[in-house]
Amino acid sequence: AQSVAQPEDQVNVAEGNPLTVKCTYSVSGNPYLFWYVQYPNRGLQFLLKYITGDNLVKGSYGFEAEFNKSQTSFHLKKPSALVSDSALYFCAVRASTSDDYKLSFGAGTTVTVRA
Amino acid sequence: NAGVTQTPKFRVLKTGQSMTLLCAQDMNHEYMYWYRQDPGMGLRLIHYSVGEGTTAKGEVPDGYNVSRLKKQNFLLGLESAAPSQTSVYFCASSKYRGPIFEAFFGQGTRLTVV
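Residues numbered from 1 in each chain as written. Chains lettered and ligands numbered in written order. Predicted model: local features only at pLDDT ≥ 70, side-chain atom pairs only at ≥ 80, totals over all residues. Heavy atoms only, no water.

## Quick word on the pattern of salt bridges
Thinking step 1. Under the defined criterion, the tally for this structure stands at seven salt bridges over all chains.
Thinking step 2. Close ionic contact of Asp-85 of chain A with Lys-78 of chain A constitutes a salt bridge, the shortest N to O distance being 2.8 Å. The same class applies to Asp-85 of chain A as to Lys-78 of chain A, namely buried.
Thinking step 3. Between Asp-38 of chain B and Arg-36 of chain B there is a salt bridge, and its shortest N-O distance comes to 2.8 Å. Here the two residues Asp-38 of chain B and Arg-36 of chain B agree in accessibility, since each one is buried. (Salt bridge = Lys/Arg side-chain N within 4 Å of Asp/Glu carboxyl O. Buried < 20%, exposed > 50% of the residue type's maximum accessible area, 1.4 Å probe, protein only.)

## What to know about the sheet that holds strand β3 (residues 19-25) of chain B
Either a parallel or an antiparallel arrangement is found when strands of a sheet pair, and the pairing is made through backbone hydrogen bonds.
Residue and element names in this part refer to chain B.
Thinking step 1. Pairing in this open sheet of four strands is antiparallel, and the strands run β1-β3-β8-β7 from one edge to the other. The open sheet has two edge strands, β1 (4-7) and β7 (64-67), and neither has a second partner. Put simply, the sheet's adjacent strands are angled 20° from each other on average, direction ignored.
Thinking step 2. Two elements, β3 and strand β8 (residues 73-78), share six bridges in a ladder whose sense is antiparallel. Each bridged residue has a counterpart across the sheet, and for Met-19 the counterpart in β8 is Leu-78. (Pairing = 2+ DSSP bridges. Helix = DSSP H or I, 4+ residues; strand = E, 2+ residues; numbered from the N terminus. Axes fitted to C-alpha atoms, helices over the stretch in contact; angles between N-to-C directions.)

## Looking at the nonpolar core
Thinking step 1. One finds Leu-19, Trp-35, Leu-47, Leu-48, Phe-74, Leu-76 and Tyr-89 of chain A to be the most contacted residues of the largest nonpolar core, which totals 28 residues.
Thinking step 2. In terms of residues, this core owes the most to one element, strand β10 (residues 87-95) of chain A, which gives five residues.
Thinking step 3. Of all hydrophobic cores here, the second largest spans 20 residues; its members include Tyr-36, Phe-90 and Ala-92 of chain A together with Leu-45 of chain B. (Core = buried A, V, L, I, M, F, W, Y, C linked by side-chain atoms within 4.5 Å.)

## Brief notes about the pairing of β1 of chain B
Two faces belong to every sheet, and in a regular strand the side chains alternate between them.
All names here are of chain B.
Thinking step 1. Where burial is concerned, the two faces of β1 differ: the one with Val-4 and Gln-6 is buried and the one with Thr-5 and Thr-7 is not.
Thinking step 2. Relative to β3, β1 runs antiparallel, the two being bridged by four bridges. Looking at β3, one finds that Gln-6 is bridged to Cys-23.

## Here's the deal with the environment of Asn-17 of chain A
Residues and elements named next belong to chain A.
Thinking step 1. Structurally, Asn-17 is set in the loop between β2 (10-14) and β3 (19-21).
Thinking step 2. In this structure the C-alpha to C-alpha distance between Asn-17 and Ala-81, which are 64 residues apart in sequence, comes to 5.7 Å.
Thinking step 3. Setting aside residues up to four positions removed in sequence, Asn-17 forms contacts with Lys-78, Pro-79, Ser-80 and Ala-81. (Contact = heavy atoms within 4.5 Å.)

## Side note on the environment of Leu-13 of chain B
Thinking step 1. The topology assignment puts Leu-13 of chain B in strand β2 (residues 10-13).
Thinking step 2. Linking Leu-13 of chain B and Ser-80 of chain B, residues 67 residues apart in sequence, is a C-alpha distance of 9.8 Å.

## A look at the interface of chain A and chain B
Thinking step 1. Between chain A and chain B, the contact holds 21 residues from the first and 24 residues from the second.
Thinking step 2. Both sides together, the interface formed by chain A and chain B hides about 1,900 Å², and carbon and sulfur atoms give 58% of it.
Thinking step 3. As a salt-bridge pair, Lys-49 of chain A and Glu-102 of chain B come within 2.7 Å of each other at their nearest N and O atoms.
Thinking step 4. Connecting chain A to chain B are seven residue pairs in polar contact (both at pLDDT 80 or more).
Thinking step 5. No other element matches the four residues that strand β5 (residues 31-38) of chain A contributes to the side of chain A that touches chain B.
Thinking step 6. Counted by class, the side of chain A that touches chain B contains twelve nonpolar, five polar and four charged residues. (Buried area = accessible area lost by both parts, 1.4 Å probe. Polar contact = N/O pair within 3.5 Å; in protein donor to acceptor, adjacent residues only side chain to side chain. Nonpolar A, V, L, I, M, F, W, Y, C, P; charged D, E, K, R; others polar.)

## Things to note about the layout of surface pockets
Thinking step 1. Of the voids in this model, the largest pocket is the one considered here, and its volume is about 620 Å³.
Thinking step 2. Around the largest pocket, the lining is made up of 28 residues, and of these Gln-38 and Asn-41 of chain A together with Gln-37, Val-88 and Arg-110 of chain B lie nearest the centre.
Thinking step 3. Elements represented by at least two residues in the lining of the largest pocket include exactly β10 of chain A together with β4 (31-38), β9 (87-94) and β11 (109-113) of chain B.
Thinking step 4. For the lining of the largest pocket, a count of residues per class yields eleven nonpolar, twelve polar and five charged. (1 Å grid on protein atoms, 1.4 Å probe; cavity = no way out; pocket = protein on both sides within 12 Å on 5 of 7 lines; lining within 4 Å. Points joined across faces, edges and corners; volume = space filled by probe spheres on them.)

Next up, the structure:
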């Protein structure tokens, strides 16, 4: 069975400071990894994904994520957070093998960026 | 393109009533998913489909049924609604392979069962 853990329910940072949202995963074989963001009363928006290749993935709105296979982690990062980054962030995993198509999400991390 | 469209956006049901949530995608995606979102629990997979005419159970399938008679549509049914099914429901779709295969989400359906 595949799963995603987001160990922090909430992350609070000051505007201009670095932002990190943690994610670890468990999946059979190689993973496809995703980060999504949800603003209040909205659906989920795709931020970035890791498929293969370079472990550092760059995405929308200045976000990036680093894939670490040995630690089974895919942490989301932003060098300088903005108040507008305040939202709910989800990490998701899907197995790259052809016999498991499920997309599994973590419980989410609420990010609050204070001015 | 409209992307993923969910109907309705809001609904209030009485316990025991039935209803169907409709999800339509115009991106020719093979995979479609239904999730429910509850506070502190993130998104939990209810059912999913890997192609027209096929469905499979996710993490929390009890009390729900689904059908995918057409590739572009994925229906979620509640035969006898219960207060525990009060939630926000999201539909998503994705391709199996290709350069863009991340899941695209609808805007959600907020369902209240009283």
